[in-house]
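# Residue-level structural notes
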Amino acid sequence: MLTIAMPKGRIFEEALCLLRQAGLAIPEEFAEHSRKLTLTLPEAGLSFFLAKPMDVPTYVEYGVADIGIVGKDVLLEEERDVYELLDLQISPCRLSVAGKPDWKPPLYPRVATKYPQVATRYFKEQGQQVEVIHLNGSIELAPIVGLADRIVDIVSTGRTLKENGLVELEVIATVTSRLIANRGSYRMKTQMITFLCEQLTSVIQEGVSV
Ligand SMILES: Nc1ncnc2c1ncn2[C@@H]1O[C@H](COP(=O)(O)OP(=O)(O)OP(=O)(O)O)[C@@H](O)[C@H]1O
Ligand SMILES: O=P(O)(O)OC[C@H]1O[C@H](OP(=O)(O)OP(=O)(O)O)[C@H](O)[C@@H]1O
């Protein structure tokens, strides 16, 4: 049995589509709008569950899921002890520093973010002392209302920044979704996992739009 942790939300549909194209017969009942969080397909030797994206690496590190699909942003933030097997090239975006265009931050700026580890590491590498403020969403609000001088957040189309009068200042990392594996599972279920990776690689290389 291979257990797969799927991320709820934005990535889910694209990831599901990719897995189906790679040959996994996942029935329509496994849908995000359903309240059911698990699906087991005994005849296919597959089991799925739906987790919050930030939690996927945790389930995989602890081995309750053999493999999982998650954004690189989450891997950078969580730094879990898992193998990163494949860049699935779906759900592209970037993790960036943004702020008001005309704002000169103080010597010790405040940075609001959903990604405190990424932000702390990034500014440390830049030799810049900052105070990182951890928020859970609507990060763009922080500089507008004066909570922070800068934000570190996901930028995709740039629409949210634009509509809030903010600009992207530096790109910290480009982000796509990744296939990750538990270290023990990868050893014990090498054949199954390698086969899936090969199938996924063919789908990705064929450039099938998902
Ligand atoms: N515009 C975007 N905003 C946020 N995440 C994006 C975007 N585009 C792609 N992604 C990817 O989707 C993942 C987040 O998905 P989603 O927003 O559904 O989860 P979430 O952050 O837990 O959402 P929420 O907490 O708002 O429910 C990110 O980890 C990232 O890899
Ligand atoms: O560049 P864009 O295409 O506008 O996308 C980026 C926005 O999308 C995400 O927010 P989300 O919708 O997940 O809401 P949240 O801020 O509450 O997490 C992200 O945090 C940005 O705010």
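Please read all numbers here as calculations on a predicted model, not as lab measurements. (Residues numbered from 1 in each chain as written. Chains lettered and ligands numbered in written order. Predicted model: local features only at pLDDT ≥ 70, side-chain atom pairs only at ≥ 80, totals over all residues. Heavy atoms only, no water.)

### Quick word on the pattern of salt bridges
Under the counting rule described, the total for this entry stands at 10 salt bridges. Taking the shortest distance from any N to any O, the salt bridge between E84 and K72 comes out at 2.8 Å. In this pair, E84 sits in strand β5 (residues 83-87) while K72 sits in helix α3 (residues 72-78), placing the two residues 12 residues apart along the sequence. Using a relative accessible area of 37% as the deciding quantity, one classes E84 as partly exposed. R94 is paired through a salt bridge with E168; the nearest N and O atoms lie 2.7 Å apart. In this pair, R94 sits in strand β6 (residues 93-99) while E168 sits in strand β10 (residues 167-175), placing the two residues 74 residues apart along the sequence. With relative accessibility at 25%, the residue R94 sits in the partly exposed group. Each of the salt bridges in this network shares a partner with another, and the network as a whole consists of K72, E84, D87 and R178. (Salt bridge = Lys/Arg side-chain N within 4 Å of Asp/Glu carboxyl O. Helix = DSSP H or I, 4+ residues; strand = E, 2+ residues; numbered from the N terminus. Buried < 20%, exposed > 50% of the residue type's maximum accessible area, 1.4 Å probe, protein only.)

### Section: the domain arrangement of the chain
Domain annotation for the chain reports domain 1 (2-91 + 176-206) and domain 2 (93-174). Taken together, the eight residues of domain 1 in the interface contact 11 residues of domain 2. Across the domain 1/domain 2 interface, buried area totals approximately 740 Å², and carbon plus sulfur atoms make up 51% of it. Area buried by domain 1 at its contact with domain 2 is led by D73, L76 and E77, which between them contribute 64% of it. Run the count over domain 1 and domain 2 and you get one salt bridge. Two residues, R121 and E79, come together in a salt bridge whose shortest N-O distance is 3.2 Å. Looking at the side of domain 1 that touches domain 2 residue by residue, the class counts come to two nonpolar, two polar and four charged. (Domains from an automatic or database assignment. Contact = heavy atoms within 4.5 Å. Buried area = accessible area lost by both parts, 1.4 Å probe. Nonpolar A, V, L, I, M, F, W, Y, C, P; charged D, E, K, R; others polar.)

### Things to note about the side chain of T113
When you line up the elements, T113 lands in strand β7 (residues 110-113). For T113, a relative accessible area of 0% gives the class buried. Within polar-contact distance, the side chain of T113 engages the backbone nitrogen of Y115 at 2.8 Å. (Polar contact = N/O pair within 3.5 Å; in protein donor to acceptor, adjacent residues only side chain to side chain.)

### A look at the site of ligand 1
Close to ligand 1 lie 15 residues; G9, R10, K52, D73 and K114 are nearest. Between ligand 1 and K114 there is a distance of 3.1 Å, counted from an oxygen atom to a side-chain nitrogen or oxygen. Taking 620 Å² as the accessible area of ligand 1 by itself, protein coverage stands at 72%. Class assignment of the residues belonging to the shell around ligand 1 gives a composition of six nonpolar, four polar and five charged. Looking at which domains feed residues into the shell around ligand 1, each of domain 1 (2-91 + 176-206) and domain 2 (93-174) supplies at least three. (Near = heavy atom within 4 Å. Areas by Shrake-Rupley, 256 points an atom, 1.4 Å probe, with all protein chains shown as cover.)

### Thoughts on the UniProt feature "domain: ATP phosphoribosyltransferase catalytic" (unreviewed entry) in the chain
Here, the residues flagged by UniProt with the feature "domain: ATP phosphoribosyltransferase catalytic" (unreviewed entry) are residues 52-201. Strand forms 30% of residues 52-201 and helix 34%; the C-alpha atoms that close the span are 25 Å apart. (UniProt positions renumbered as here; feature names shortened; annotations may be inferred.)

### Section: the state of the cysteines
Per the stated rule, a full pass over the model turns up zero disulfides. Between C17, a free cysteine, and C197, which holds the nearest cysteine sulfur, the sulfur-to-sulfur gap is 18 Å. Of all cysteine sulfurs in the structure, the one in C17 sits closest to C93, which takes part in no disulfide; the separation is 18 Å. (Disulfide = S-S within 2.5 Å.)

### Describing the site of ligand 2
In the neighbourhood of ligand 2, 13 residues make up the surrounding shell, with E140, S156, T157, G158 and T160 lying closest. One nitrogen or oxygen atom from the main chain of S138 is found 2.9 Å from an oxygen atom belonging to ligand 2. T160 has a polar side-chain atom sitting 2.4 Å from an oxygen atom of ligand 2. When isolated, ligand 2 has an accessible area of 490 Å², and the protein chains bury 73% of it. Looking at the shell around ligand 2, the elements that each hand over two or more residues are β9 (150-155) and α6 (159-163). For the shell around ligand 2, the leading source of residues is β9, giving three residues. Taken together, the residues of the shell around ligand 2 sort by class into two nonpolar, six polar and five charged.

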